[in-house]
Amino acid sequence: TCFNSSASFAQWYNDAPGVNVHDNFTMEFLPNEVGGLTYDNPAFFPFDGKAWGNETFEHNYWFTMEMHVDFVYVPGSTFAFKGDDDVWVFVNGSLVMDLGGVH
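Read on for an overview of the structure. Please read all numbers here as calculations on a predicted model, not as lab measurements.

1. Comments concerning the overall build of the protein
Check the secondary structure of the protein and you find one helix and four strands. Mapped from its N terminus to its C terminus, the protein presents α and β elements in the order α-β-β-β-β. Along the first, second and third principal axes, the C-alpha atoms of the protein reach 45 × 30 × 25 Å. The contacts in the protein between residues at least 6 apart in sequence include a share of 22% that link residues at least 24 apart.

The structure is reproduced here in structure tokens:
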């Protein structure tokens, strides 16, 4: 299903029985060549075999995730993001990046 109102959108990141399933997992960010940290895993399917299952697919593609990170911004630093579908980045409650779209 998709969202068609602010109420249905709000269910994405709030536990709603029968609508979504909450799970926790660990992502290991590794040092990169520019002194930052990177998580890059083309096999990132943390919900394989969970929630409502993979249906008839090899992987469970039907997930969304929310991540919180505390950091101190150093002037001149940059952030880089990539994603398969929609990626929204909020800093201090403000939307600062929207990689929206359908793949």
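2. Some thoughts on the packing of aromatic side chains
Two numbers describe a pair of aromatic rings. These are the distance of the centres and the angle of the planes. Scanning the entire structure with this criterion turns up twelve aromatic pairs. With centroids separated by 5.7 Å and ring planes inclined at 45 degrees, the aromatic side chains of Phe-29 and Tyr-39 adopt a geometry described as tilted. One end of the pair, Phe-29, is in the loop between helix 1 (6-10) and strand 1 (30-31); the other, Tyr-39, is in the loop between strand 2 (37-38) and strand 3 (88-91), and ten residues separate them in sequence. For Tyr-39, a relative accessible area of 26% corresponds to the partly exposed category. Counting every residue linked through ring pairs, the aromatic cluster contains Phe-25, Phe-29, Tyr-39, Phe-44, Phe-47 and Phe-63.

3. Let's talk about the pattern of salt bridges
In this structure the tally under the stated criterion is one salt bridge. Residue Lys-50 is joined to Asp-23 by a salt bridge in which the shortest nitrogen-to-oxygen separation is 2.8 Å. On the criterion of sequence distance, the pair formed by Lys-50 in the loop between strand 2 and strand 3 and Asp-23 in the loop between helix 1 and strand 1 is long-range, its members being 27 residues apart. You can call Lys-50 partly exposed: its relative accessible area is 35%.

4. Here we look at a negative patch on the surface
A cluster of like negative charges, contributed by Asp-84, Asp-85, Asp-86 and Asp-98, occupies part of the molecular surface. Here Asp-98 falls in the partly exposed class, since its relative accessible area comes to 46%.

5. Looking at unusual backbone geometry
Where the residue is not glycine, phi is negative for most of them; where a peptide bond is considered, it is trans in most cases. In this model, Ala-51 sits at a positive phi of 55 degrees, which is unusual for a non-glycine residue. Tracing the sequence through the fold places Ala-51 in the loop between strand 2 and strand 3.

6. Focus on the pairing of strand 4 (residues 94-98)
With four bridges joining them, strand 3 and strand 4 adopt antiparallel strand pairing. The partner of Val-89 across the bridge, within strand 4, is Met-97. Following strand 3, the chain reverses through two residues before pairing antiparallel with strand 4; Asn-92 in that reversal takes a positive phi of roughly 50 degrees.

The rules behind each value
Residues numbered from 1 in each chain as written. Predicted model: local features only at pLDDT ≥ 70, side-chain atom pairs only at ≥ 80, totals over all residues. Heavy atoms only, no water. Helix = DSSP H or I, 4+ residues; strand = E, 2+ residues; numbered from the N terminus. Contact = heavy atoms within 4.5 Å. Phe/Tyr/Trp six-rings, centres within 6.5 Å; stacked < 30°, edge-to-face > 60°. Buried < 20%, exposed > 50% of the residue type's maximum accessible area, 1.4 Å probe, protein only. Salt bridge = Lys/Arg side-chain N within 4 Å of Asp/Glu carboxyl O. Patch = residues over 30% accessible without salt bridge, like charges linked within 9 Å, V, L, I, M, F, W, Y side chains within 5 Å. Areas by Shrake-Rupley, 256 points an atom, 1.4 Å probe, with all protein chains shown as cover. Lys, Arg positive; Asp, Glu negative; His and termini not counted. Charge placed at Lys NZ, Arg CZ, Asp CG, Glu CD. Pairing = 2+ DSSP bridges.

Read these as layout, nothing more, since geometry by itself doesn't imply function.
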